[in-house]
Amino acid sequence: MSAQRQASSASQTPHISPAELSYLWSSLALPNNPIRPDGRSPTQFRPLSAETDILPGTNGSARVGFADGTQAIVGVKAEVEKTVAAADVSSLSQRAQEQFGENQDGEGKSSATTTGHGSWVQMSIEIPGYRDDDALPVFLSEMMREPLVESVSSGGNADGEMAGGLKGRLVINRRWHWRLYIDVLLLSQPLSYPLPLLSLTTHLALLSTKLPKLKSLGEEDPFFDDDWDAAEYLYPRSQSRLASALQLRPPVTLLVISVGENVIFDPSRDEIAVADTLLAISVARDGGSDALKVLSIRTVDPPSRLTQPGMPNAENPASLESAAVAEQAVNGEEIPGVWRPRRGGVKRNTVAKMVKLVLQKGGVGEEVLEGLEGVEVG
Amino acid sequence: MAITILPPVADDVSYPDSDGDSMSMDSDGGVDLTTGGSRPHKRPRLVAGTDISSGVITPGEVVTDDPQWMRGHGTYTNPLSTSIIATVAGTVQKTNKLLSVQPLRARYTPEIGDLVVGRIVEVQSRRWKVDVAAPLLAQLPLSAINLPGGILRRRTSADELQIRTFFSEGDLVVAEVQTVHSDGAASLHTRSLKYGKLRNGVFLAVTGTGGSGISSSTVKGGIGAGSTTVSSGAGGVVRSRRQVWTVNTANGGGDVDVILGVNGYIWISKHATDTPAVSSTTESVSITRMEEMVSSSIYSSQNDAIPPQTRREIARLAQCIQVLVQGGVRVDEETVMGAYEASLQVDLEVGDDDYYDDDEGRGEGREYLEGSKAQRILELVLERG
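Just so we're clear, the structure is a prediction, and the values are computed from it rather than from any experiment. (Residues numbered from 1 in each chain as written. Chains lettered and ligands numbered in written order. Predicted model: local features only at pLDDT ≥ 70, side-chain atom pairs only at ≥ 80, totals over all residues. Heavy atoms only, no water.)

Student: When you look at the overall build of chain B in this model, what are you seeing that I'm missing?
Tutor: Of the regular secondary structure elements, chain B holds eight helices and 18 strands. The 385 residues of chain B split such that 47% are buried. Sequence separation of 24 or more characterises 63% of the internal contacts of chain B that already satisfy a separation of 6 or more. Accessible area of chain B: about 18,400 Å², with a carbon and sulfur share of 52%. (Helix = DSSP H or I, 4+ residues; strand = E, 2+ residues; numbered from the N terminus. Buried < 20%, exposed > 50% of the residue type's maximum accessible area, 1.4 Å probe, protein only. Contact = heavy atoms within 4.5 Å. Areas by Shrake-Rupley, 256 points an atom, 1.4 Å probe, with all protein chains shown as cover.)

Student: Hey, could you run me through the overall build of chain A in this one?
Tutor: Check the secondary structure of chain A and you find 12 helices and 11 strands. Pairs at least 24 residues apart make up 68% of the contacts formed inside chain A by residues separated by at least 6 positions. Surface exposure of chain A reaches about 16,200 Å², of which carbon and sulfur atoms provide 51%.

Student: Quick question: what am I supposed to make of the UniProt feature "domain: Exosome complex component N-terminal" (unreviewed entry) in chain B here?
Tutor: In the numbering used here, UniProt assigns the feature "domain: Exosome complex component N-terminal" (unreviewed entry) to residues 58-95 of chain B. The straight-line gap between the two end C-alpha atoms of residues 58-95 of chain B is 20 Å; of that span, 0% is helix and 45% is strand. (UniProt positions renumbered as here; feature names shortened; annotations may be inferred.)

Student: Is there a simple way to explain the sheet that holds strand 3 (residues 71-82) of chain A in this structure?
Tutor: Backbone hydrogen bonds are what pair the strands of a sheet, in a parallel or an antiparallel way. Read across the open sheet, the six strands follow the order 4(A)-5(A)-3(A)-2(A)-1(A)-1(B); overall the sheet is mixed. Whereas interior strands pair on both sides, the edge strands pair on one side only; in this sheet they are strand 4 (121-126) of chain A together with strand 1 (5-6) of chain B. Pairing between strand 1 (residues 48-52) of chain A and strand 2 (residues 60-66) of chain A: five bridges, direction antiparallel. Following the sheet pairing, Ala50(A) is matched in strand 2 of chain A by Val64(A). (Pairing = 2+ DSSP bridges.)

Student: Please clarify how the UniProt feature "domain: RRP4 S1" (unreviewed entry) in chain B should be interpreted in this entry.
Tutor: Under the feature "domain: RRP4 S1" (unreviewed entry), the UniProt entry names residues 107-178 of chain B. Within the segment residues 107-178 of chain B, helix and strand shares are 7% and 35% respectively, and the terminal C-alpha atoms sit 19 Å apart.

Student: Explanation requested: unusual backbone geometry in the structure shown.
Tutor: One can expect most non-glycine residues to show negative phi and most peptide bonds to be in trans. Phi angles above zero are rare outside glycine, and Asp266(A) is one such case at about 45°. Topologically, Asp266(A) is positioned in the loop between strand 9 (262-265) and helix 9 (269-273). One non-glycine residue with positive phi stands out, namely Asn96(B), at about 50°. Relative to the elements of secondary structure, Asn96(B) occurs in the loop between strand 7 (90-95) and strand 8 (98-103). Taking the relative accessible area as the measure of exposure, Asn96(B) reaches 40% and is therefore partly exposed.

Student: Quick question: what am I supposed to make of the sheet that holds strand 7 of chain B here?
Tutor: The strand order 2-7-8-4 (chain B) describes an open sheet built from four strands, whose pairing is mixed. Of all strands in the sheet, those with a lone pairing partner are strand 2 (56-57) and strand 4 (70-71) of chain B, marking the two edges.

Student: For this particular structure, what's the right way to read the pattern of salt bridges?
Tutor: Residues and elements named next belong to chain A. Per the stated rule, a full pass over the model turns up 26 salt bridges over all chains. The closest approach of N and O atoms between Arg40 and Glu271, which form a salt bridge, is 3.8 Å. Of this pair, Arg40 sits in the loop between helix 2 (18-28) and strand 1 while Glu271 sits in helix 9; the two residues are 231 residues apart in sequence, bridging distant segments of the chain. Each member of the pair, Arg40 as well as Glu271, carries the same accessibility label: buried. The network of salt bridges with shared partners includes Arg36, Asp38, Arg40, Arg46, Asp266 and Glu271. (Salt bridge = Lys/Arg side-chain N within 4 Å of Asp/Glu carboxyl O.)

Student: Would you mind going over the side chain of Arg249(A) with me for this structure?
Tutor: Residue and element names in this part refer to chain A. For Arg249, the location among the structural elements is in the loop between helix 8 (241-246) and strand 8 (252-259). Arg249 sits in the buried class, given a relative accessible area of 2%. Reaching out from Arg249, the side chain makes a polar contact with the side chain of Glu373 at a distance of 3.0 Å. Among all residues touching Arg249, those that are not within four sequence positions of it are His203, Leu207, Tyr235, Pro236, Arg237, Ala284 and Glu373. (Polar contact = N/O pair within 3.5 Å; in protein donor to acceptor, adjacent residues only side chain to side chain.)

Student: Got a minute to help me understand the confidence of the model for chain B in this structure?
Tutor: Predicted coordinates in regions of low pLDDT should not be interpreted in detail. All names here are of chain B. Residues of chain B with pLDDT of at least 70 account for 69%, and the chain-wide mean is 74. Below a pLDDT of 50 lies the segment residues 275-286, which in the model reaches seven contacts outside its immediate sequence neighbourhood of four places, other chains included. Below pLDDT 50 for its whole length, residues 353-364 participates in 18 contacts with residues either more than four positions away or in separate chains. Scored as a whole, the predicted complex attains pTM 0.77, and scored at its interfaces, ipTM 0.77. (pLDDT = per-residue confidence, 0-100.)

Student: I tried to follow the environment of Leu140(B) on my own but got confused; where do I start?
Tutor: Residue and element names in this part refer to chain B. Checked against the element boundaries, Leu140 lands in strand 11 (residues 138-141). Residues Leu140 and Asp255 lie 115 residues apart in sequence; the distance between their C-alpha atoms is 30 Å. Other than its neighbours up to four places away in sequence, Leu140 contacts Arg127, Trp128, Val130, Ile145, Phe167, Leu188, His189 and Thr190.

Student: Hey, could you run me through the packing of aromatic side chains in this one?
Tutor: Aromatic ring pairs are described here by two measures, namely the spacing of the ring centres and the angle between the planes. Residues and elements named next belong to chain B. Per the stated rule, a full pass over the model turns up five aromatic pairs over all chains. Here Phe203 and Tyr265 contribute two aromatic rings whose centre-to-centre distance is 5.1 Å and whose plane-to-plane angle is 80°, an arrangement assigned as edge-to-face. Linking Phe203 in strand 15 (residues 201-205) with Tyr265 in strand 18 (residues 265-270), this pair joins segments that are 62 residues apart in sequence. Tyr265 shares its class with Phe203; the two are buried. (Phe/Tyr/Trp six-rings, centres within 6.5 Å; stacked < 30°, edge-to-face > 60°.)

Student: Got a minute to help me understand the nonpolar core in this structure?
Tutor: Soluble globular proteins: nonpolar side chains tend toward being buried together. Membership of the largest hydrophobic core comes to 82 residues, with the highest contact counts inside it found for Leu140(A), Ile182(A), Tyr193(A) and Val368(A). It is helix 7 (residues 195-207) of chain A that contributes the most residues to this core, eight residues altogether. One finds Trp245(B), Val256(B), Cys320(B) and Val381(B) within the second-largest nonpolar core, a separate group that totals 36 residues. (Core = buried A, V, L, I, M, F, W, Y, C linked by side-chain atoms within 4.5 Å.)

Student: Any chance you could explain the interface of chain B and chain A here in plain terms?
Tutor: Bring the parts together and some accessible area is lost; that lost area is often taken as the interface size. Every contact between the two is made by 46 residues of chain B and, on the other side, 54 residues of chain A. Carbon and sulfur atoms make up 54% of the surface buried where chain B meets chain A, a total of about 4,300 Å² over both sides. Between chain B and chain A we count one salt bridge in total. The salt bridge involving Glu20(A) is made with Arg119(B); its shortest N-O contact spans 2.9 Å. At the level of elements, strand 1, strand 15, helix 4 (287-296) and helix 5 (308-326) of chain B are the ones that each hand at least two residues to the side of chain B that touches chain A. When residues of the side of chain B that touches chain A are assigned to their parent elements, the largest contribution, six residues, is made by helix 5 of chain B. Its residues assigned to classes, the side of chain B that touches chain A comprises 20 nonpolar, 16 polar and 10 charged. Relative to strand 1 of chain B, strand 1 of chain A runs parallel, the two sharing two bridges. (Buried area = accessible area lost by both parts, 1.4 Å probe. Nonpolar A, V, L, I, M, F, W, Y, C, P; charged D, E, K, R; others polar.)

Student: Explanation requested: the pairing of strand 16 (residues 244-249) of chain B in the structure shown.
Tutor: On a regular strand, each side chain points to the face opposite its neighbour's, so the side chains alternate between the two faces of the sheet. Residues and elements named next belong to chain B. Because side chains alternate across strand 16, one face comprises the buried residues Trp245, Val247 and Thr249, and the other comprises Val244, Thr246 and Asn248, none of which is buried. Relative to strand 17 (residues 254-260), strand 16 runs antiparallel, the two being bridged by six bridges. For Thr249, the partnering residue across the bridge sits in strand 17 and is Gly254. Linking two consecutive strands that pair antiparallel, namely strand 16 and strand 17, is a turn of four residues; a positive phi of about 55° is found at Asn251 within it.

Laid out in structure tokens, this is it:
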């Protein structure tokens, strides 16, 4: 049993009795109006407290705490590294080099034609009680790193500096680039699947990340302004709200579950335990337009699969009714009030509904990004 | 708004000082124990000679090396020296010449007769191991449960073989502490119709008493200060006269049972009406057979049909308790009922205007009590208390 639980990628299945599971599931599956144990609406997140720039030794850092006491700290550290000449990088930057003479002012344009490499972003996650090569931290870090490096603004009118996404931003010149180390530290035991907490914290840390201002030009060896106040944000920030909506932002990964016909955001541990499906949806703002786009959807193995089934009264030898109603028990049929582990896939329209709720105008994704943008940086 | 992001709150918790007048245990100390206010120390030392730290002390810290004091709970002495060393993090309490350290937070210490809610974590050949939030798992012997039908007989090997039909891993039980062994482990029993397997409701784990009834006294002072940042972890379930009661809920919720385990585990469920079980089988149930019929469903893990109104009120009660715990208020029948009524009142105050326009479950749930509503509920409860 314990080995099985370890194998499950969702955090360890809590011991929950079949009666509780059945109650929870049927409460959450009530048509149109699920009753969550903590009274939240389906799209409501748990309140959290956030602050940035807490670690002076890093380029950017953030701390996020949920009301239940789980906390995460993320530190981002940047390092200058020599670029090993890869075919695409060198050819692209060569072209940039040729153009360099004509656009001294448009530094953005020259870097727009260079692309970085995904391996320049390194993410490590530490969760108490897990080794760093356990499935959960490895899976989580890949789940968060992938959308981060893959998010590229598609719009042509986007801010030139960020045209290549985060990867493009890390290019200094043909021979040098930045390497980002993102260290994620979960301070408490993972009470629920820690992905949303870690993702929100990483997002904030990246927003607050600053890189020293480059003083050297072109293909010179990089030389930086040692005035930290002059450092530039990794993700450029602007004062006006309108412009900031159009800038590239790090993606956020949201955890969504479906129970019956309902779609529920930011599930607690108990809610995950009865989920039919558990999806991690990464969204980011599409650079060119105001809309959001999905970067990745991952299914997470829901722990409900491994829970213990309830025993209907009819089959319970400890119940006196067993003899009388034994004939009624039909195999494989759902009996109300008895927990059966959820098995099987997810319906297409459920996934569609989840994605729609995240992406739609004024939807959950937009509100989360807006809320994170509102956190004071610096 | 789907997400609320708050600025960090500096934990500015003032711990009860044993010298404070609010909970002075120093009834008749032989030494003058006034604090030297001018000391620049983080922890002001007491008058020279006694040298006892006040405020919070940590495990391993020497409380005093003065031989005049006796060591009490939460301390130990090295046989070779006279110094009293703390074993828990907490505040020093002095009772005459007895020094003890009250832990800030502690696990539940079982006492005989406590009503506890526990979760089965292990099934052994002749007993269950139950998690009751104590330092050690409690045990529930097979001989200490009611057999279905209330039959009184010796437990046979057949019972041992089908031990999982009574309780299996993960099941919740309400039980009573029968004995406490010398190592602090408890033995439970469920030999009463009040006890047994739990179903038809939700489970909630909050802090228990930590074995000492200090929560009530510490907390009242902390909240009365009116600070918005209330200390967490101080509130919890306290031992009281009534740990189990039935609430007649509003909004058509019907009767709801609340079980407050002394260990901080709480069960809130739909009130079990025993009548259907009886009437469905036979109309003429004799008094002697009544007990058998009731206990026939005692090991069921099948929930009854529970209407949404009841579920909503169960969720509301659960949240009320959470609000109390987060506010650092003790949890007992009086405060829970106070909080429940307060939450109904707050709902009335807020009015229905913002309820109707949130279609599609948008925005904050109407039933959501934390956040701004929590503060109001706490105020109302404390007003009453």
